[in-house]
Amino acid sequence: MSEQPSAQPGPAALRHGVLPMPNLAWTPEVARETAHLYEKVKSIIPPIEWPFHAPYVKAINELKKQRNAVILAHNYQTPEIYNCVADVVGDSLQLARLAGQSDADIIVQGGVHFMAETSKLLSPDKTVLIPDSRAGCSLAASITGADVRALRRKYPGVPVVAYVNTSADVKAEVDICCTSSNAVKVVESLGTDTVIMVPDRFLAANVARQTKVKIIAWRGACEVHERFTAEELLRYRADDPSIELIAHPECPPEVVDVCDFSGSTAAMIDYVKTRKPKRVLLVTECSMADNVAAENPGVDFVRPCNLCPHMKRITLPKILDSLVYMREEVTIDPLLAQRARRSVERMIELK
C-alpha cells in the first residue's frame, strides 16, 4: 500500500505541488493498456502477480509525463521497474550521465542513495528523488570523507581513486573516480607508481593484477558479491561443463579466476547479447539475470540468487509515492557538490 504524505510538505512538494493518488484498481482498461509491457516480462513475472503490478505501472507512466520526470533504473532493480516504468536503464554512471542529457525537470532514481547523489551532482538544476532514502549500500557505507583524509595523511602525495559506488562526501575528497569498466585506465592515467583505491578491496585486487601500479586498497566490499565463492561456482561447472560463468569484478579474485569472463554490468550484458551462450550464470545480483533474461529469451540463465536488500527497498508503490507527493528529495551542499563533481568529471573527461 502507498503511504500517506507527511503533514509538512518538503521543498520539492512546495516547488512542484502534490497530486491526487491515482486509482489503483485492476480493470479491463488497465489490462489492455499494460498488455504490451507484460509481454516483455511474462517469462519472469507470473500471470497471478501482474494484476498487482499493472495498476502501478499505468499510473507511474502517466504521472511521469505529467511531471516531466524521468525514471532511472539500475540493472539490479526488479523486472517490473526495469522493464515497465524505467526511461533509462544501466549502471550507476550511465544512469547519471544520460539523465543529465534529458530535458526532464525531475529525476526519480531507481537505485541506491549514492546513485541518486551522483545524478544530483551531474544534474544540479534538476529535482532528484529517491523512492526510499534508506536504500543504502554496504560498499558506500564502508568509507567516509574523514577516512579519505586519514589515508592522505598516512600516504602523503599518493593519489586517491574512488569507485563511483561512494557518497558525495567521499567523492569530494579524492582525485578522480572510476567505474568497474575503466578502473585500470583511470589508475594508469595518474602517472604514479602507487595509487590508493577506495572502497572495494576486491575491485582493487582485480585491478592490481592488470597493472604494474601498486594499489593500496581500502577494506570495503559489496555484501552481494563478496558472498560468492569459487567452490560454489565450480560445483555448477561440474554439474554442467558447458555453462559459462560471468563475474562482476566486485567479486573476490578467486571467483573471477574460475569464470570465463569478468566485466562491468554493461560488459556482462554485452557478453550475453553478443555470444548468446546456451547456459550462463551471472555472478552478480540476481535481479540483473532476470532483466537480461527478458532481453535474451534464447539463453538459459542459472540463478544463484544473491539479492541486494538495499536495491529491493525501491518498489512500484514507492516510485508512485515519489511522483505523487514529491518526497525523499536528494540534496547536496553546493560547496561539497562542486568538489565531488570535479572528481566525477575528471573521469568522464579522461580520453
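Going by the structure above, here's the rest.
Computed from a prediction, not measured in an experiment: that's the story for all the values here.

With that out of the way, let us pick up the overall build of the chain. When its secondary structure is counted, the chain shows 16 helices and 12 strands. Projected onto the principal axes, the alpha-carbon positions of the chain cover approximately 65 × 55 × 30 Å. Counting over 351 residues, the chain shows a buried share of 57%. Considering only contacts within the chain whose residues lie at least 6 apart along the sequence, 64% involve residues at least 24 apart. Counting every atom, the chain has about 15,200 Å² of accessible surface; 52% of that belongs to carbon and sulfur. Of the charged side chains in the chain, 41 are positive and 43 negative, and the gap between their average positions amounts to 3 Å.

Let us now look at the pattern of salt bridges. By the definition in use, this model includes 19 salt bridges. The partner of Glu226 in a salt bridge is Arg201, and the shortest N-O contact between them spans 3.5 Å. You can see Glu226 sitting in the loop between β8 (214-217) and α11 (230-239) and its partner Arg201 sitting in helix α10 (residues 201-208), a full 25 residues away along the chain. By relative accessible area, which is 34% here, Glu226 ends up partly exposed. Owing to a relative accessible area of 32%, Arg201 belongs among the partly exposed residues under this scheme. Glu244 is paired through a salt bridge with Arg275; the nearest N and O atoms lie 3.5 Å apart. Residue Glu244 is located in strand β9 (residues 244-247), and its partner Arg275 is located in helix α13 (residues 265-275); the two are separated by 31 residues in the primary sequence. Owing to a relative accessible area of 16%, Glu244 belongs among the buried residues under this scheme. Linked through salt bridges whose partners overlap, the residues forming this network are Glu33, Lys58 and Glu62.

Once that is clear, we can look at the pairing of β8. The pairing of strand β7 (residues 194-198) with β8 spans 4 bridges and is classified as parallel. Among the inter-strand pairings, Met197 is bridged to a residue of β8, identified as Ala217. With α10 bridging β7 and the parallel β8, this β-α-β connection has right-handed handedness.

Next up on the list: the side chain of Lys318. Position of Lys318 relative to the elements: it lies in helix α15 (residues 316-325). Setting aside residues no more than four positions away along its own chain, Lys318 makes contact with Pro131, Asp132, Arg134 and Arg313.

What follows is about unusual backbone geometry. Excluding glycine, most residues fall at negative phi; most peptide bonds, likewise, are trans. Backbone torsion omega between Val198 and Pro199 reads -5 degrees, so that peptide bond is classified as cis. Mapped onto the elements of the fold, Pro199 is located in the loop between β7 and α10. At Lys276, a residue that is not glycine, the phi angle is positive and equals roughly 50 degrees. What makes Lys276 partly exposed here is its relative accessible area of 47%. Of note, the phi angle at Glu328 is positive, near 60 degrees, even though the residue is not glycine. Tracing the chain through its elements places Glu328 in the loop between α15 and α16 (334-349). Note on Glu328: relative accessible area 33%, which makes it partly exposed.

Thresholds applied
Residues numbered from 1 in each chain as written. Predicted model: local features only at pLDDT ≥ 70, side-chain atom pairs only at ≥ 80, totals over all residues. Heavy atoms only, no water. Helix = DSSP H or I, 4+ residues; strand = E, 2+ residues; numbered from the N terminus. Buried < 20%, exposed > 50% of the residue type's maximum accessible area, 1.4 Å probe, protein only. Contact = heavy atoms within 4.5 Å. Areas by Shrake-Rupley, 256 points an atom, 1.4 Å probe, with all protein chains shown as cover. Lys, Arg positive; Asp, Glu negative; His and termini not counted. Charge placed at Lys NZ, Arg CZ, Asp CG, Glu CD. Salt bridge = Lys/Arg side-chain N within 4 Å of Asp/Glu carboxyl O. Pairing = 2+ DSSP bridges. Right-handed = clockwise from strand over helix to strand, strands pointing away.

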